[in-house]
Amino acid sequence: MPPTHQQFTSDNCSGICPEALAALLEANAGHDRSYGDDRWTAEACELFRALFDADCQVYFVLTGTAGNALALASAASSYHSIICHRVAHVEVDECGAPEFFSHGAKILLADGEDGKLTPKGIREIATRRADIHYPKPRAVSVTQSTEAGTVYSPADLLALRTACRDHGLALHMDGARFANAVASLGCAPRAITADCGVDVLVFGGSKNGLSIGEAVVFFNPAMADEFDYRCKQAGQLLSKMRFVASQWVGVLRDGAWLRHARHANDCAAELDRQLRAIPQATVLFPRQANGVFVRLPPPTIAEMNRRGWRFSDTFGPGTIRLMCSWDTTPETIAAFITDLKAALEA
Ligand SMILES: *Cc1c(COP(=O)(O)O)cnc(C)c1O
């Protein structure tokens, strides 16, 4: 057996949370209808509408990549462009799926501090050209919380919305870690979606304690038109949909989704606090959600690897990403810090 101790490599290294697992087992009792016509799917959709206090339309897909790509394809046609941050998952981690499913929409990249897009960045790209030879800007994609572990405030998003409105751009939110953003801001979920003109949100489940499954939540009903066909064609209409939907019911019905996100954020805050006290460690971004990014001497990272720790280096070699999950324990944090201090001496 390989070692199974907790890691900070990604928040999707964790298992299934008890609430999702219990609902999954409930859904497993007896037969139900297939392809999303079951009672679990109906209940999950109702719980999302209650959560957002909005008449949103909800679809379930198996991966964040599928959710983002299909949602963006609903916003942008083949001759359009989509504006996102240089480090956005849709740009660097989806193997061109948004371009593929939109049949060629071009992704245009903007910069911005701490992994965040700015209204200025959007406006610069949206007004760069107005002629027919340029891929027409049609959508903006933001990640909440961001790939740098930071969070857009409601004010940030309202400013982005104004830029989007001014330039006729739809607003898509990659919410693989949406729960962590809500936990961080302590706001109502609609305060950073419906109230900020978000047209479609891809709400992440797998990094929040589900085994599988992300929810695509449309606040703009026109954009959801025929989305069911997009999902089916892309192989995302699960015949046993109740096994995704029930897990969502499990985490939504008693607020577990938010409790788990809060726990993960608190763990990251503790890591951040301890790392900032270590002179050889440079923390890169303000810690606002469940991730901490830290620059370390390369031999120290090698020594940590030798001690069994695995890291993602999304911001390049010499920088490690530490993601906390719903089940991260204080013991794991303590063990990591102890090993890190020893590795710095080695
Ligand atoms: C994990 C993640 C996704 C979804 O990834 P899949 O592997 O396709 O499920 C999307 N966006 C961000 C920012 C992520 O971190």
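Since the model is a prediction, treat every value here as computed from it, not as a measurement. Numbers given to residues run from 1 along each chain, matching the order in which its sequence is written. A pLDDT threshold of at least 70 governs which residues receive local features in this predicted model, and a stricter bar of 80 or more applies before side-chain atom pairs are shown or counted, although totals over entire chains, interfaces and linings include all residues. Excluded from the side-chain calculations are hydrogens and water; all other atoms, namely the structure's heavy atoms, are used.

Draft legend 1. Spatial organisation of the nonpolar core. Counting 63 residues, the largest nonpolar core has Phe 48, Phe 52, Phe 60, Phe 203 and Trp 248 as its most contacted members. The numbering of helices and of strands both runs from the N terminus, where a helix is a DSSP run of H or I of at least 4 residues and a strand a run of E of at least 2. At seven residues, helix α10 (residues 242–252) tops the list of elements feeding residues into this core. Both of domain 1 (18–252) and domain 2 (256–345) provide at least three residues apiece to this core. Only heavy atoms matter for contacts: two residues are in contact if any of them lie within 4.5 Å across the pair. Non-local contacts of Trp 248, meaning those with residues more than four positions away in its chain, are made with Ala 44, Phe 48, Phe 60, Phe 203, Gly 204, Gly 205, Leu 210, Gly 213, Glu 214 and Ala 215. Ala 268, Ala 281, Val 294 and Phe 311 belong to the second-largest nonpolar core, a separate cluster that totals 25 residues. Here the nonpolar core consists of buried residues drawn from Ala, Val, Leu, Ile, Met, Phe, Trp, Tyr and Cys, with membership extended through side-chain atoms lying within 4.5 Å. Accessibility here uses a 1.4 Å probe with only protein chains present; expressed as a share of the type maximum, an area under 20% marks a residue as buried, one over 50% as exposed, and anything in between as partly exposed. An automatic or database domain assignment provides the domain bounds reported here.

Draft legend 2. Fine view of the site of the ligand. In the neighbourhood of the ligand, the contacting residues comprise Thr 63, Gly 64, Thr 65, Asn 68, His 89, Glu 94, Thr 143, Glu 147, Asp 174, Ala 176, Arg 177 and Lys 207. In protein, a polar contact means a hydrogen-donor-capable atom and an acceptor-capable atom, both N or O and within 3.5 Å, with residues adjacent in sequence counting only if both atoms are side-chain atoms; elsewhere, any N or O pair within 3.5 Å suffices. One nitrogen or oxygen atom from the side chain of Lys 207 is found 2.6 Å from an oxygen atom belonging to the ligand. The method behind every accessible area is Shrake-Rupley, applied with a 1.4 Å probe, and residues are considered shielded solely by the protein chains displayed. When isolated, the ligand has an accessible area of 390 Å², and the protein chains bury 81% of it. Among the elements that take part in the shell around the ligand, helix α3 (residues 64–75) stands out by supplying three residues, more than any other. Each residue is assigned to one of three groups, with Ala, Val, Leu, Ile, Met, Phe, Trp, Tyr, Cys and Pro labelled nonpolar, Asp, Glu, Lys and Arg labelled charged, and all others, Gly among them, labelled polar. Its residues assigned to classes, the shell around the ligand comprises one nonpolar, six polar and five charged. Any residue with at least one heavy atom within 4 Å of a molecule or strand is counted as near it.

Draft legend 3. Expanded view of unusual backbone geometry. With an omega of -5 degrees, the peptide bond between Gln 144 and Ser 145 qualifies as cis. Relative to the assigned elements, Ser 145 resides in the loop between β4 (136–143) and α7 (154–166). Residues other than glycine seldom take positive phi values, yet Cys 95 does so here, at roughly 55 degrees. The residue Cys 95 is located in the loop between α4 (89–92) and α5 (97–101) in this model.

Draft legend 4. Structural detail: the sheet that holds strand β9 (residues 291–295). Criterion used throughout: strands pair if DSSP finds at least two bridges between them. In space, the three strands of this open sheet follow the order β8-β9-β10, with antiparallel pairing throughout. Looking at the sheet topology across the chains shown, the edges are occupied by β8 (282–283) and β10 (319–323). Of the strand pairs in this sheet, β8 and β9 are connected by two bridges, and their pairing is antiparallel. Considered in β9, the bridge of Val 283 is made with Val 294.

Draft legend 5. The arrangement of the environment of Gly 112 in detail. Relative to the assigned elements, Gly 112 resides in the loop between β3 (106–110) and α6 (119–126). On the basis of relative accessible area, Gly 112 is assigned to the partly exposed category, the value being 24%. Between the C-alpha atoms of Gly 112 and His 85, which are 27 residues apart in sequence, the distance is 7.1 Å.

Draft legend 6. Structural view of the domain arrangement of the chain. Looking at the assigned domains, one finds that the chain contains domain 1 (18–252) and domain 2 (256–345). The straight-line distance from the C-alpha centre of domain 1 to that of domain 2 is 27 Å. Note on domain 1 versus domain 2: buried area summed over both sides is about 1800 Å², and carbon and sulfur give 59% of it. Summed over both partners, the accessible area lost on bringing two parts together, with a 1.4 Å probe, is the buried area. For domain 1, the biggest contributors to the area lost against domain 2 are Arg 177, Asn 180 and Asn 208; these three give 23% of the whole. Between Lys or Arg on one side and Asp or Glu on the other, a salt bridge is scored when a side-chain nitrogen of the former is within 4 Å of a carboxyl oxygen of the latter. Between Arg 259 and Glu 19 there is a salt bridge, with its nearest N and O atoms 3.2 Å apart. Among the secondary structure elements, those contributing two or more residues to the side of domain 1 that touches domain 2 are α1 (18–27), α8 (178–185) and α10. With five residues, α8 is the largest single contributor of residues to the side of domain 1 that touches domain 2. When grouped by side-chain class, the residues that make up the side of domain 1 that touches domain 2 number 12 nonpolar, eight polar and four charged.

Draft legend 7. Structural view of the layout of surface pockets. Approximately 530 Å³ is the volume attributed to the largest pocket. Residues are said to line a cavity or pocket when one of their atoms sits within 4 Å of a point; the points come from a 1 Å grid over protein atoms alone, cavities being sets where a 1.4 Å probe fits but cannot get out and pockets being open sets with protein on both sides within 12 Å along at least five of seven lines. Taken together, 28 residues form the lining of the largest pocket, with Asn 12, His 89, Arg 177, Lys 207 and Arg 321 sitting closest to its centre. If one sorts the elements of the lining of the largest pocket by residue count, α3 sits on top with three residues. Here the residues of the lining of the largest pocket are counted per class, giving seven nonpolar, 13 polar and eight charged. Counting residues domain by domain, the lining of the largest pocket receives three or more from each of domain 1 (18–252) and domain 2 (256–345). Grid points are joined across faces, edges and corners, and a volume is the space filled by probe spheres set on the points.

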